[in-house]
Amino acid sequence: MDTKVLSSGIRYTNLPEGYVRPESERPNLSEVSECENVPVIDLACDDRSLIVQQVADACKNYGFFQAINHEVPLETVERVLEVAKEFFNLPVEEKLKLYSDDPSKTMRLSTSFNVNKEKVHNWRDYLRLHCYPLDKYVPEWPSNPSTFKEFVSTYCSEVRGLGYRVLELISESLGLEKDYIKKVLGEQGQHMAVNFYPPCPEPELTYGLPGHTDPNALTILLQDLEVAGLQVLKDDKWVAVNPLPNAFVINIGDQLQALSNGRYKSVWHRAIVNAEKARMSVASFLCPNNDAMISPPKALTEDGSGAVYRDFTYAEYYSKFWSRNLDQEHCLELFKN
Ligand code: OGA
Ligand code: NI
């Protein structure tokens, strides 16, 4: 490989060896069908109890849903996609100034997932940012493209608002007070991964991201409308979740699985790559405060089943997560009672 990132302007005609999955781990794309009955939730619906019921069903049975009428302005969304595209189109030398493979960095351009831990690489470059509080982190963000900071920070505030609204719905859907989860998670961190999946010569042999669950509480994913690539595990089968105009994919992460005492499932998902077209996605992660104690509420353990996981702080979970790679045993398993 000539550069540390894939988005270097080189068009690969063969998949470099380091990206080739062993046969048993390949995506088997011909066996993947479209996800049926994807839960689509209209957040502007007048009947709140109906939304809460839909959220409960989606979180229980799918671990994700698509949110429409979410109140994030279309222009804000279009601008973030545009500036993200411009960023990845910058000359590779410019981008490499931001390159790091150290997961503890709060701003970095990187590639694959965790290059120093993984055996097989993934066909992805990503820009990872911390986004809360904005005045603390925006100064370290890329200043090229010149509109990056403005457009991305507007997007981050909007998405945070949406995240909070969804966490209220999730609290209610578990029979808890509306602000229960917000209180438990404390002052939440917010991270962003701007994902760029270049055209890949052999999409059958590799991943953009292999199957994983998100280690945080809630993920709000903006998908490229033109190129599909997200797949989720539903009833032990990988199914495609195709982009819907003006929608966000909202994923339950590991922390909500633990907090809900296993009632809600942190959804297994993966990103596959495309032979012809580059694909982009923007993932916003709401993360519990480092000191937040992740412990299920009494109301969810009283049915005699007890707590599925031991109590832990988010800091403990997060450091364990990044010390591993995506192919290992699921991180939550390590916290089982
Ligand atoms: C992620 C992720 C999926 C996608 O960034 O954690 O799962 O479609 N992305 O890019
Ligand atoms: Ni993910």
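A brief report on the enclosed structure follows. These numbers come from a predicted model, not from an experiment.

### So, the overall build of the chain
Phase 1 of the analysis: Within the chain one finds 8 helices and 15 strands.
Phase 2 of the analysis: Since a compact globule built from 337 residues should have a radius of gyration of about 20 Å, the 19 Å found for the chain is in line with a globular shape.
Phase 3 of the analysis: Taking the principal axes of its C-alpha atoms as reference, the chain extends roughly 55 × 45 × 35 Å.

### Thoughts on the environment of Q190
Phase 1 of the analysis: Within the fold, Q190 resides in strand 6 (residues 189–197).
Phase 2 of the analysis: The spacing of Q190 and L129 is 61 residues in sequence and 8.6 Å in space, taken between C-alpha atoms.
Phase 3 of the analysis: Once residues within four sequence positions are removed from consideration, Q190 is found in contact with C131, Y132, C156, R160, S284, F285, L286 and C287.

### Focus: the packing of helix 1 (residues 48–61) against helix 5 (residues 148–173)
Phase 1 of the analysis: Orientation of helix 1 relative to helix 5, taken along the N-to-C sense of each, is 85 degrees, at an axis distance of 9 Å. The angle between helix 1 and helix 5 places the two elements in the roughly perpendicular class. The residues of helix 5 that touch helix 1, namely those facing I51, V52, V55, A56 and C59, are L169, I170, E172 and S173.
Phase 2 of the analysis: Across the contact of helix 1 with helix 5, the residue classes break down as 7 nonpolar, 1 polar and 1 charged.

### Describing the environment of D311
Phase 1 of the analysis: Locating D311 in the fold gives a position in the loop between strand 14 (293–294) and strand 15 (312–313).
Phase 2 of the analysis: On the neighbour-count criterion, D311 (13 C-beta atoms within 10 Å) is partly exposed.
Phase 3 of the analysis: Put simply, D311 and F335 are 24 residues apart on the chain and 8.0 Å apart in space, counted from C-alpha to C-alpha.
Phase 4 of the analysis: When near neighbours in sequence (up to four residues on either side) are disregarded, D311 contacts M293, I294 and S295.

### Notes on unusual backbone geometry
Phase 1 of the analysis: For the peptide bond that leads from Y132 to P133, omega is -5 degrees, which places it in the cis range.
Phase 2 of the analysis: You can see P133 is positioned in the loop between strand 5 (125–130) and helix 4 (134–137).
Phase 3 of the analysis: Of note, the amide linkage connecting N144 to P145 takes the cis form, showing an omega dihedral of 0 degrees.
Phase 4 of the analysis: Considering the arrangement of structural elements, one finds P145 in the loop between helix 4 and helix 5.
Phase 5 of the analysis: Here N69, not a glycine, exhibits a phi torsion of approximately 50 degrees, which is positive.
Phase 6 of the analysis: Here N69 is to be found in the loop between strand 3 (64–68) and helix 2 (74–88).
Phase 7 of the analysis: Of note, S112 is a non-glycine position whose phi angle comes to about 60 degrees, a positive value.
Phase 8 of the analysis: With respect to the helices and strands, the residue S112 is situated in the loop between strand 4 (107–111) and strand 5.

### With respect to the nonpolar core
Phase 1 of the analysis: If you look at the biggest cluster of nonpolar residues, it comprises 88 residues, and the most contacted ones within it are F64, I170, L218 and I250.
Phase 2 of the analysis: The dominant element in this core, judged by the number of residues it contributes, is helix 5, at 11 residues.
Phase 3 of the analysis: Beyond its immediate chain neighbours, meaning those up to four positions away, L218 contacts G163, V166, L167, I250, I252, G253, L256 and L286.

### What about the pairing of strand 6?
Phase 1 of the analysis: In terms of residue burial, strand 6 counts as a mostly covered element, since 8 of its 9 residues are buried.
Phase 2 of the analysis: Relative to strand 6, strand 5 runs antiparallel, the two sharing 6 bridges. Each residue of the ladder has a partner; that of H130, found in strand 6, is H191.
Phase 3 of the analysis: The pairing of strand 6 with strand 13 (residues 279–287) spans 9 bridges and is antiparallel. Among the inter-strand pairings, V194 is bridged to a residue of strand 13, identified as V282.

Conventions adopted
Residues numbered from 1 in each chain as written. Chains lettered and ligands numbered in written order. Predicted model: local features only at pLDDT ≥ 70, side-chain atom pairs only at ≥ 80, totals over all residues. Helix = DSSP H or I, 4+ residues; strand = E, 2+ residues; numbered from the N terminus. Rg over C-alpha atoms; globule rule 2.2 N^0.38 Å. Contact = placed C-beta atoms within 7 Å. Axes fitted to C-alpha atoms, helices over the stretch in contact; angles between N-to-C directions. Parallel < 35°, antiparallel > 145°, perpendicular 65-115°, else oblique. Nonpolar A, V, L, I, M, F, W, Y, C, P; charged D, E, K, R; others polar. Buried ≥ 20, exposed ≤ 12 C-beta atoms within 10 Å, placed from the backbone. Core = buried A, V, L, I, M, F, W, Y, C linked by C-beta atoms within 7 Å. Pairing = 2+ DSSP bridges.

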